Amino acid sequence: MSPVPGTKPADPFLSTAWLAAGRSLERPPAGVRDTVRLRLEITDPPPGAPPAVDVEVDLAAGRLGVAAAAGESPGLRITLPHAAARALLLGSSQERAGVFERGDVRAEGNFSLLFFIDAALRRDGSGHVAALRGAAGLPQPRPRKAAETAGTAGAGETAGVAEAVEHAREALPGTVREMEREVGTSTPGAQLHVSLDGVTLADAGLGEARPGVPMTHRSLPLWYCCAKPLLSAALGRLWEAGAYDPYLPVAHYLPAFGRAGKESITSMDLLTHTGPLPTGDDPLHGVVAGPDDERLRRAFGVAVPSWSRRAPGVNYSQWWAWFVLARILPVVDGREYRPYVEQEILGPCGMTGTRVHLTPEDFTAFGDRLPLIHVSNPRSAPQPTHWWSTEAATTRCIPGVNTRGPLSDLGRFLTMLLRGGAAPGGRVLAPTTVAALTARHRTGLRDRYGNADWGMGFRLECRHLGEEFTSFGTHASPRSYGHDGLWTAVAFADPDAGLTVAVHLNGKVEHERHRERILRIADAVYRDLRLC
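Just so it is clear, the model here is predicted, and its values are computed rather than measured.

Novice: I'd like to hear about the overall build of the protein chain, residue by residue, with values.
Specialist: Regarding its fold elements, the protein chain presents 19 helices and 17 strands. The C-alpha atoms of the protein chain give 23 Å as radius of gyration, which agrees with the globular expectation for 532 residues (24 Å, within 12%). Projecting the C-alpha coordinates of the protein chain onto the three principal axes gives extents of approximately 75 × 55 × 45 Å. Split into buried and exposed, the 532 residues of the protein chain put 60% on the buried side. Partitioning the intrachain contacts of the protein chain with sequence separation of at least 6 by distance along the chain shows that 68% fall at a separation of at least 24.

Novice: Any details on the pattern of salt bridges? Residues and values, ideally.
Specialist: By the definition in use, this model includes 35 salt bridges. Note that Glu 166 is salt-bridged to Arg 169, the shortest N-O span being 3.2 Å. Of the two residues, Glu 166 and Arg 169 both sit in helix 7 (residues 161–171), 3 residues apart, roughly one turn of that helix. A relative accessible area of 38% means that Glu 166 is categorised as partly exposed.

Novice: Tell me about the nonpolar core, residues and numbers included.
Specialist: Within the largest apolar cluster, 115 residues are counted, with the highest numbers of intra-cluster contacts made by Leu 40, Ile 78, Leu 80, Leu 230, Trp 320 and Trp 388. In this structure Leu 80 touches Leu 40, Glu 41, Ile 42, Thr 43, Ala 85, Leu 88, Val 99, Asp 104 and Val 105, once residues within four positions along its chain are discounted. Of all hydrophobic cores here, the second largest spans 28 residues; its members include Leu 206, Ile 521, Ala 522 and Val 525.

Novice: Go over the sheet that holds strand 13 (residues 459–460) with me, naming the residues and quoting the values.
Specialist: The strand order across the open sheet built from 7 strands is 8-7-6-16-15-14-13, with neighbouring strands paired in antiparallel fashion. If you trace the sheet from one side to the other, it starts and ends with strand 8 (213–214) and strand 13, each paired once. Along the sheet, helix 8 (residues 173–182) makes contact with strand 6 (189–196), strand 7 (199–210) and strand 16 (499–505), crossing strand 6 at roughly 165°.

Novice: Residue-level account of the pairing of strand 2 (residues 52–58), with values.
Specialist: Burial within strand 2 is extensive, with 7 of its 7 residues counted as buried. Residues of strand 2 alternate between two faces, with Ala 52, Asp 54, Glu 56 and Asp 58 on one and Val 53, Val 55 and Val 57 on the opposite face, all of them buried. Sheet topology places strand 1 (residues 35–42) next to strand 2; 7 bridges connect them, and they run antiparallel. For Arg 37, the partnering residue across the bridge sits in strand 2 and is Glu 56. Note: strand 2 against strand 3 (residues 64–68), 5 bridges, orientation antiparallel. In the sheet register, Val 57 faces strand 3, and the bridge partner there is Leu 64. Linking strand 2 to strand 3, which pair antiparallel, is a turn of 5 residues; within it Gly 62 sits at a positive phi near 85°.

Novice: Quick one: what's the story with the packing of aromatic side chains, residue by residue and with numbers?
Specialist: Tallied over the full model, the rule gives 17 aromatic pairs. Residues Phe 100 and Trp 387 carry aromatic rings whose centres are separated by 5.7 Å and whose planes lie at 35° to one another, so their mutual orientation is tilted. You can see Phe 100 sitting in the loop between helix 3 (93–99) and strand 5 (106–108) and its partner Trp 387 sitting in the loop between strand 10 (383–384) and helix 16 (391–394), a full 287 residues away along the chain. On the numbers, 5.8 Å between centres and 45° between planes, the contact of Phe 116 with Trp 487 is tilted. Taken together, the positions of Phe 116 in helix 4 (residues 113–123) and Trp 487 in the loop between strand 14 (481–485) and strand 15 (489–494) put the pair 371 residues apart, joining distant regions of the chain. Directly above the ring of Trp 322 sits Lys 228, whose terminal nitrogen or CZ lies 5.4 Å from the centroid. Its guanidinium or amino end placed over the ring of Phe 257, Lys 262 lies 5.3 Å from that ring's centre, counting from NZ or CZ.

Novice: Help me get a handle on the packing of helix 8 against helix 19 (residues 511–528), residues and values and all.
Specialist: It is at 7 Å that the axes of helix 8 and helix 19 come closest, and there the two elements cross at 160°. With respect to helix 19, the axis of helix 8 lies roughly antiparallel. Crossing geometry of helix 8 relative to helix 19 is assigned as left-handed. Contacts from Pro 173, Gly 174, Thr 175, Glu 178, Met 179, Arg 181 and Glu 182 in helix 8 reach Arg 513, Glu 516, Arg 517, Arg 520, Ile 521, Ala 524, Val 525 and Asp 528 in helix 19. Of the residues contributing to the contact of helix 8 with helix 19, the split by class is 5 nonpolar, 2 polar and 8 charged.

Novice: Summarise the environment of Glu 512; cite the residues concerned and give the values.
Specialist: Along the chain, Glu 512 falls in helix 19. Residue Glu 512 is classed as partly exposed on the basis of its relative accessible area of 45%. C-alpha of Glu 512 to C-alpha of Glu 41: the two residues are 471 residues apart in sequence and 31 Å apart in space.

Novice: Which residues make up the environment of Leu 121, and what are the values?
Specialist: Positionally, Leu 121 belongs in helix 4. Residue classification places Leu 121 among the buried positions, given a relative accessible area of 5%. In this structure the C-alpha to C-alpha distance between Leu 121 and Arg 63, which are 58 residues apart in sequence, comes to 8.8 Å. Dropping the residues within four chain positions of it, Leu 121 is found in contact with Leu 64, Leu 88, Leu 89, Arg 96 and Val 129.

Novice: Help me get a handle on the pairing of strand 6, residues and values and all.
Specialist: When you tally the buried positions in strand 6, you get 7 out of 8 residues, the bulk of the element. Hairpin geometry of strand 6 and strand 7 is characterised by an intervening segment of 2 residues between the two adjacent antiparallel strands and by a positive phi of about 55° at Asp 197.

Novice: Could you give me a rundown of unusual backbone geometry, with the residues and numbers involved?
Specialist: Phi angles above zero are rare outside glycine, and Leu 14 is one such case at about 75°. Within the fold, Leu 14 resides in the segment before helix 1 (16–23). One non-glycine residue, Trp 487, lies in positive phi territory at about 60°.

Scoring rules and cut-offs
Residue numbers here run from 1 along each chain, matching the order of that chain's written sequence. Confidence filtering applies because this is a predicted model: local features only for residues at pLDDT of at least 70, side-chain atom pairs given and counted only at 80 or more, and all residues used for totals across whole chains, interfaces and linings. To obtain the side-chain values, all non-hydrogen atoms of the structure were included, while hydrogens and water were left out. Helix and strand labels come from DSSP, where a helix needs a run of H or I of at least four residues and a strand needs a run of E of at least two; each type is numbered from the N terminus. Here the radius of gyration uses the C-alpha set of atoms, whereas the globule reference equals 2.2 Å times the residue count to the power 0.38. Working definition: with a 1.4 Å probe on protein chains only, accessible area under 20% of the residue-type maximum means buried, over 50% means exposed, and in between means partly exposed. Here, two residues are considered to be in contact whenever any of their heavy atoms come within 4.5 Å of each other. A side-chain nitrogen of Lys or Arg and a carboxyl oxygen of Asp or Glu constitute a salt bridge if their distance falls within 4 Å. Take the buried residues of types Ala, Val, Leu, Ile, Met, Phe, Trp, Tyr and Cys, join any two whose side-chain atoms come within 4.5 Å, and each joined set is a nonpolar core. Pairing between strands requires that DSSP locate at least two bridges from one strand to the other. Note on geometry: axes are C-alpha line fits, over the in-contact stretch for helices, and angles between N-to-C directions span 0 to 180 degrees. Stacked, tilted and edge-to-face pairs are distinguished by plane angle, under 30 degrees for stacked and over 60 for edge-to-face with tilted covering the rest, among Phe, Tyr and Trp rings (Trp via its six-membered ring) whose centres lie within 6.5 Å. In this scheme, the term charge over a ring applies when either NZ of a lysine or CZ of an arginine sits within 6 Å of the ring centre and within 35 degrees of the ring normal. Oblique is the label for every angle not falling under 35 degrees (roughly parallel), over 145 degrees (roughly antiparallel), or within 65 to 115 degrees (roughly perpendicular). Handedness of a crossing is defined here by the sense of rotation of the near helix relative to the far one, left-handed for an anticlockwise turn of less than a right angle and right-handed for a clockwise turn. Residues are grouped as follows: Ala, Val, Leu, Ile, Met, Phe, Trp, Tyr, Cys and Pro are nonpolar; Asp, Glu, Lys and Arg are charged; every other residue, Gly included, is polar.

Here's what the structure looks like:
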């Protein structure tokens, strides 16, 4: 039937005919690890379209299965408008990242699966995405040319790159060898910083930051959760000044937070990831890079399920807890998170290359040179993605996640902690505060990702609890502390050795593979320096 003249044709995406086209494709294999499932719940389904669809993605071969939702919901559920669902399944990598910048999307479950789903859809090894784009009446994307996908190296940006690598190789030959083993296989690029007793031994970049742009020691990789200790240090300053108490309920400082089961949650609960909100229920999952007012509404309004309050457990918060904790700064000090961290931590430490988040001017100046996160699925090369690299995401303040800077700056921060809070530009923390931040505040709790004892926003070395709880290598002392960035990075300080190590690999791989490569690199540092 032809459409009535003057009316807009029905959108074929999710129509009966489109779903039939999906059923005609070879389905992803069921019951295997490489096949992941998610449910899309559509807030504005067109007439005749189902209100929810189940999606299966074969991460290895790229096969895609779509059907009207039936049965028990899978572990990842996303509620979103029809147009956003189309962008998520059939759009470009930039459009997929943009779904979580809108402000009208919700996600529950294992959000990290989206990185690997994105890479599979972008690669489209089976041609299923192209077929479903055609069935939806969408034009096929033009083949990407090198000139269209590549960034441009800035003037002088590559100067000294080879010299930096050779200097690192002289001091740490085994470490650089392990880094080079990963570059070109699990990751397109890498950055390394190592210092001993405050003396820099390695500060180098290898491979590519993004297509056409080399990774140098001056590049600004995404720190991911390695940035969380910046907020720990900021709160530590307020604590030692007597203006803040981490053992008081957060609602003492933020009264609007104290409702819906959150009345007794303390800063210490959030800093040690023992709050009662499960990781998969993070209210910012669907809007992590969205508008500030919507993020604030969700973060403060989320209800804690009663069953989650019964016993303490590890509930790691990627963004919600740090978004809430950062709101304490302006209440107590008068300054927002970014200016406080810049003035009280970055400045004294000499961390001149670090951006808590980019400004629009920054993005215009060098946004096309920022390292991209690449994602590796089984038996496929790393695919460049645009998570946390769009203008909206890079210029949004996402405390503890989207800080960028050279790893030499992260090394300066760790060195300040090793020196009891003293920095070149003045004291940042008192020695007793550093000791308190890096002490064992969470004990007796463990999770399947190797997390065990925890400080105030710091991961601690826990090898004594079993090999699977090794945090920073088999030679790191029990007093070592730091953080890791979701399957891309690690940064730690070892007080017994006077050592700081920061590693960034801009190729994201699954947890087990990442842990194996990071531990090999960390162990190589200790062997090279005869610190075993």
